[in-house]
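# Examination of the molecular architecture
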Amino acid sequence: MDNISNGLGFGTSSDPKAAVMNQVRQEAAMTNARQLIEKVNEHCFEKCVPKPGSSLSSGETTCFTQCMEKYMAAWNTVSRQYINRIQQEQGRSSGGGGIF
C-alpha cells in the first residue's frame, strides 16, 4: 500500500505533519466516496426500482444509470464549489497570519 500511496503523491514527505495531513486527506476522500455511493444507491434505487425482483428491467437499468450520472454530476459540482470556497478562504487567511 505504501507504493500506491507514494505513487499518488501521498506519504512522500519526510515532514511528519505533512504525512499526517496527507493521511487525513486520504481518509476524508474515502469517507466522501463511501457517502456518495450510499446516497446514490439509496436515492436512485428508491426512485427507479419500485418493486425489487431478482433482476432489473431494462427501464429500471436505464433509470438507475441516468440517476447515478445526474447525482454524481451534482456531487462533483458541489464538491468543486466547496473546494474553491475553502481555497479562497485559505488565501484570505494566509495573508493575515493564520494558525498554520
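Residues numbered from 1 in each chain as written. Predicted model: local features only at pLDDT ≥ 70, side-chain atom pairs only at ≥ 80, totals over all residues. Heavy atoms only, no water.

## Observations concerning the state of the cysteines
- Taken as a whole and assessed by the stated rule, the structure comprises two disulfides.
- A sulfur-sulfur separation of 2.1 Å characterises the disulfide bridge that pairs Cys44 with Cys67. Taking the torsion about the sulfur-sulfur bond, which here is approximately -80 degrees, the covalent link between Cys44 and Cys67 counts as left-handed. Within this pair, whereas Cys44 is found in helix 2 (residues 16-48), its partner Cys67 is found in helix 3 (residues 58-95), the two being separated by 23 residues in sequence. An identical accessibility class is assigned to Cys44 and Cys67; each is buried.
- Between the sulfur atoms of Cys48 and its disulfide partner Cys63 the distance amounts to 2.0 Å. Disulfide Cys48 to Cys63: torsion about the S-S bond roughly -65 degrees, handedness left-handed. (Disulfide = S-S within 2.5 Å. Helix = DSSP H or I, 4+ residues; strand = E, 2+ residues; numbered from the N terminus. Buried < 20%, exposed > 50% of the residue type's maximum accessible area, 1.4 Å probe, protein only.)

## Remarks on the confidence of the model for the chain
- On average, residues of the chain score 81 in pLDDT, and 79% of them are at 70 or above.
- Here residues 1-11 is a poorly scored stretch, pLDDT under 50, and it has eight contacts once near neighbours within four places are set aside; other chains count. (pLDDT = per-residue confidence, 0-100. Contact = heavy atoms within 4.5 Å.)

## Remarks on the side chain of Glu60
- Among the secondary structure elements, Glu60 is positioned in helix 3.
- There is no salt bridge for the buried Glu60, and the closest opposite charge comes from Lys51, which lies 9.2 Å off by N-O distance.
- Side-chain polar atoms of Glu60 contact the backbone nitrogen of Ser57, separated by 2.9 Å. (Lys, Arg positive; Asp, Glu negative; His and termini not counted. Salt bridge = Lys/Arg side-chain N within 4 Å of Asp/Glu carboxyl O. Polar contact = N/O pair within 3.5 Å; in protein donor to acceptor, adjacent residues only side chain to side chain.)

## A few points about helix 2
- The end-to-end C-alpha separation of helix 2 is 47 Å, in line with the 48 Å expected for 33 residues at 1.5 Å each.
- Turning to helix 2, its buried residues are Asn22, Leu36, Val40, Cys44 and Cys48. (Expected span 1.5 Å × (residues − 1).)

## What to know about the pattern of salt bridges
- Following the criterion strictly, the structure yields one salt bridge and no others.
- For Arg85, the salt bridge identified is with Glu89, shortest N-O distance 3.1 Å. Of the two residues, Arg85 and Glu89 both sit in helix 3, four residues apart, roughly one turn of that helix.
- Relative accessible area serves as the criterion here: at 55%, Arg85 is assigned to the exposed category.

## Section: the nonpolar core
- Counting residues in hydrophobic clusters, the biggest one holds seven residues: Leu36, Val40, Cys44, Cys48, Val49, Phe64 and Cys67.
- If you list the elements that add at least two residues to this core, you get helix 2 and helix 3.
- Each residue touching Cys48, except ones within four places of it in the same chain, is listed here: Glu60, Cys63, Phe64 and Cys67. (Core = buried A, V, L, I, M, F, W, Y, C linked by side-chain atoms within 4.5 Å.)

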